[in-house]
Amino acid sequence: MPKTKIMKMRLGKQCVICEGRKEEGILIAKSFICTTCENEIVHLDEQDQLYNEYIKQMRTLSSQYV
């Protein structure tokens, strides 16, 4: 039987905010937030249009463990 080569690829974890796969970020209650989204959240003003979208996504973190 011929040998086949299997290519292993690290996809990273899926961000709960952007749903992208990244290697670096933080884990909050077993949920991953990538560094890009983390930086955007930290520097976001509550008057910004994206503020409510981030709030909705962050609520999914708490609803998983209530």
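Up top is the structure these notes are about.
Procedures and definitions
- Residues numbered from 1 in each chain as written.
- Predicted model: local features only at pLDDT ≥ 70, side-chain atom pairs only at ≥ 80, totals over all residues.
- Heavy atoms only, no water.
- Pairing = 2+ DSSP bridges.
- Helix = DSSP H or I, 4+ residues; strand = E, 2+ residues; numbered from the N terminus.
- Core = buried A, V, L, I, M, F, W, Y, C linked by side-chain atoms within 4.5 Å.
- Buried < 20%, exposed > 50% of the residue type's maximum accessible area, 1.4 Å probe, protein only.
- Contact = heavy atoms within 4.5 Å.
- Salt bridge = Lys/Arg side-chain N within 4 Å of Asp/Glu carboxyl O.

Engineer: Can you walk me through the pairing of strand S3 (residues 25-28) in this structure?
Structural biologist: For a regular strand, side-chain orientation follows a simple rule: the groups alternate between the two sheet faces. As paired elements, S3 and strand S4 (residues 31-34) share 4 bridges and run antiparallel to each other. Among the inter-strand pairings, Leu27 is bridged to a residue of S4, identified as Phe32. Following S3, the chain reverses through 2 residues before pairing antiparallel with S4; Ala29 in that reversal takes a positive phi of roughly 50 degrees.

Engineer: When you look at the nonpolar core in this model, what are you seeing that I'm missing?
Structural biologist: Side chains of nonpolar character tend, in soluble globular proteins, to be buried together. Cys15, Val16, Ile17, Phe32, Ile33, Cys34, Cys37, Leu44, Tyr54 and Leu61 together form the largest nonpolar core, which totals 10 residues. The set of elements that each furnish at least two residues to this core consists of S4 and helix H2 (51-63). Considering each element in turn, this core owes the most residues, 3 residues, to S4. In contact with Cys37, other than residues within four places in its own chain, are Cys15, Ile17 and Cys18.

Engineer: Looking at this structure, I do not really get the pattern of salt bridges. What am I missing?
Structural biologist: Throughout the structure, instances matching the rule amount to 1 salt bridge. Linking Lys56 and Glu53 is a salt bridge whose minimum nitrogen-to-oxygen distance equals 3.6 Å. With Lys56 and Glu53 both in helix H2 and 3 residues apart, this pair spans about one turn of that helix. On the accessibility criterion, Lys56 (48% relative accessible area) is partly exposed. Assessed through its relative accessible area of 43%, Glu53 is described here as partly exposed.

Engineer: Explain unusual backbone geometry here, please?
Structural biologist: One can expect most non-glycine residues to show negative phi and most peptide bonds to be in trans. Phi is positive for Glu19, close to 65 degrees, though the residue is something other than glycine. By secondary structure assignment, the location of Glu19 is in the loop between strand S1 (13-14) and strand S2 (21-22). Residue Glu19 is classed as exposed on the basis of its relative accessible area, which comes to 53%. In this structure, Ala29 takes a positive phi of about 50 degrees despite not being glycine. As for its position among the elements, Ala29 is in the loop between S3 and S4.

Engineer: Looking at this structure, I do not really get the environment of Tyr51. What am I missing?
Structural biologist: Here Tyr51 shows up in helix H2. In this structure Tyr51 comes out as partly exposed when scored by relative accessible area, which is 29%. Counting along the chain gives 11 residues from Tyr51 to Glu40, while the straight-line C-alpha distance between them is 9.8 Å. Discounting residues that sit within four places of it in the chain, Tyr51 has contacts with Leu44, Asp45 and Glu46.

That is the geometry; function is a separate question.
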